[in-house]
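Given next are the chains, with one letter for each unit.
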Amino acid sequence: PGTKVVVGDGPARAALERDFPNAVFLGARQGEALAQVYAAADVFVFPSKTDTYGLVLLEALASGVPVAAFPVTGPRDVIGDAPVGVLSDDLQAACLEALDIPRQACLDFAADHTWVASARAFIDNVTRVWLLDPEHRSSRSVAKESRLVA
């Protein structure tokens with residue numbers, strides 16, 4: 001159900017247009033034109049099983065659009081258990097379920113993913129790994145006193 005809109009371009013486009021004749025292929029979009037496409041969507045479908053992070057997921061969420069994706073690395077890393085998307089091996093079921101997700105929840109979730117929050121998570125992860133190294137266990141108090149200033 002619904003209209004399938006595909007944004008982007010690449011070597012697979014001709015084959016996809018042949019395989020999905022009812023989909024609307026817009027080609028590449030950037031800036032305001034891309035933002036308008038996100039804003040008009042009811043659900044953002046992320047069909048990749050191989051992307052490592054999927055920044056487009058956060059772009060969709062920042063536009064208030066819930067996500068439907070496979071439960072693989074990337075979508076799991078971005079969405080996890082947050083109530084802003086549905087991760088399922090059945091993308092159609094995920095899309096239909098995602099329609100019930102409030103747009104405000106998506107906006108709020110995306111607002112928490114700032115550069116400062118990313119830097120803080122990076123430093124926390126590096127510190128955690130550093131503290132697990134037996135050579136640095138005696139230096140735990142130094143690591144606990146270090147803080148990210150942003």
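Please read these numbers as outputs of a predicted model, since none were measured by experiment.

Thresholds applied
- Residues numbered from 1 in each chain as written.
- Predicted model: local features only at pLDDT ≥ 70, side-chain atom pairs only at ≥ 80, totals over all residues.
- Heavy atoms only, no water.
- Helix = DSSP H or I, 4+ residues; strand = E, 2+ residues; numbered from the N terminus.
- Rg over C-alpha atoms; globule rule 2.2 N^0.38 Å.
- Buried < 20%, exposed > 50% of the residue type's maximum accessible area, 1.4 Å probe, protein only.
- Areas by Shrake-Rupley, 256 points an atom, 1.4 Å probe, with all protein chains shown as cover.
- Lys, Arg positive; Asp, Glu negative; His and termini not counted.
- Charge placed at Lys NZ, Arg CZ, Asp CG, Glu CD.
- 1 Å grid on protein atoms, 1.4 Å probe; cavity = no way out; pocket = protein on both sides within 12 Å on 5 of 7 lines; lining within 4 Å.
- Points joined across faces, edges and corners; volume = space filled by probe spheres on them.
- Nonpolar A, V, L, I, M, F, W, Y, C, P; charged D, E, K, R; others polar.
- Contact = heavy atoms within 4.5 Å.
- Phe/Tyr/Trp six-rings, centres within 6.5 Å; stacked < 30°, edge-to-face > 60°.
- Lys NZ or Arg CZ within 6 Å of the ring centre and 35° of its normal.
- Arc of directions from axis to C-beta.
- Core = buried A, V, L, I, M, F, W, Y, C linked by side-chain atoms within 4.5 Å.

Undergrad: Before we go on, may I ask you to explain the overall build of the protein in this structure?
TA: Helix and strand counts for the protein come out as eight helices and five strands. Going from N to C terminus, the protein has its helices and strands arranged as β-α-β-α-β-α-β-α-β-α-α-α-α. For 150 residues, the compact-globule estimate of 2.2 N^0.38 gives 15 Å, and the C-alpha radius of gyration of the protein, at 19 Å, exceeds that figure by more than 25%. Projected onto its principal axes, the C-alpha coordinates of the protein cover approximately 65 × 30 × 30 Å. When each of the 150 residues of the protein is scored for burial, the buried share is 27%. For the protein, the computed accessible surface area is about 10000 Å², with 57% contributed by carbon and sulfur atoms. Charge-centre separation for the protein: the mean point of 13 positive side chains lies 5 Å from the mean point of 19 negative side chains.

Undergrad: Mind showing me how you'd approach the layout of surface pockets here?
TA: Which parts of space are left empty comes out when a probe the size of a water molecule is rolled across the atoms. Approximately 1600 Å³ is the volume found for the largest pocket. If you go around the largest pocket, you meet 42 residues; those closest to its centre are Lys 4, Val 5, Val 6, Val 45 and Pro 47. Only β1 (5-7), α1 (13-19), β2 (24-27), α2 (31-40), β3 (44-46), α3 (55-62) and α5 (91-98) provide two or more residues apiece to the lining of the largest pocket. When its residues are assigned to classes, the lining of the largest pocket shows 27 nonpolar, eight polar and seven charged. Put simply, the second largest pocket is a space of about 280 Å³. What lines the second largest pocket is Tyr 53, Leu 55, Leu 58, Asp 77, Val 78, Asp 112, His 113, Thr 114, Trp 115, Ala 117 and Ser 118. Counting only elements with at least two residues in the lining of the second largest pocket, the list comes to α3, α4 (75-78) and α7 (115-132). Examining the composition of the lining of the second largest pocket, we find that three residues originate from one element, α7, more than from any other. Here the residues of the lining of the second largest pocket sort into six nonpolar, three polar and two charged.

Undergrad: I keep staring at the environment of Lys 49 and nothing clicks. Help me out?
TA: By the secondary structure assignment, Lys 49 is in the loop between β3 and α3. Residue class for Lys 49 comes out exposed when judged on its relative accessible area of 53%. In sequence terms Lys 49 and Asp 100 are 51 residues apart; their C-alpha atoms lie 24 Å from each other. For Lys 49, the contacting residues outside a window of four places in its chain are Phe 70 and Val 72.

Undergrad: Is there a simple way to think about the packing of aromatic side chains in this case?
TA: By convention here, two paired aromatic rings are described through the distance between centres and the angle between planes. For the structure shown, the criterion picks out two aromatic pairs. Where Tyr 38 meets Phe 44, the ring centres are 5.8 Å apart and the plane angle is 50°; that geometry is what we call tilted. As far as burial versus exposure is concerned, Tyr 38 and Phe 44 are alike and both buried. With a centroid separation of 6.5 Å and 25° between ring planes, the pair formed by Phe 44 and Phe 46 is classed as stacked. Chaining the aromatic ring pairs together yields one cluster made of Tyr 38, Phe 44 and Phe 46. The positively charged end of Lys 49 is found above the aromatic ring belonging to Phe 70, 4.5 Å away from the centroid.

Undergrad: Would you explain α3 in this entry?
TA: Along an α-helix, residues three or four apart share an orientation, since each turn contains 3.6 residues. Buried residues of α3: Leu 57, Leu 58, Ala 60 and Leu 61, and no others. Buried residues of α3, viewed axially, fall in a sector of 160°; they line one side. The inward-facing, buried residues of α3 abut α2, β3, β4 (67-69), α4 and α6 (103-111).

Undergrad: Please clarify how the environment of Ile 79 should be interpreted in this entry.
TA: Residue position: Ile 79 is located in the loop between α4 and β5 (85-87). Residue classification places Ile 79 among the buried residues on the basis of a relative accessible area of 3%.

Undergrad: Sorry if this is basic, but what is going on with the nonpolar core here?
TA: Side chains that are nonpolar tend, in soluble globular proteins, to be buried together. Core analysis: the biggest nonpolar cluster contains 25 residues, and Phe 44, Leu 57, Leu 61, Val 67, Val 84 and Phe 109 have the highest contact counts within it. Looking at this core, the elements with two or more residues in it are α2, β3, α3, β4, α5 and α6. For this core, the leading source of residues is α3, giving four residues. Ignoring any residue separated from it by four or fewer positions in sequence, one finds Phe 109 in contact with Leu 58, Leu 61, Val 78, Ile 79, Ala 82 and Val 84.

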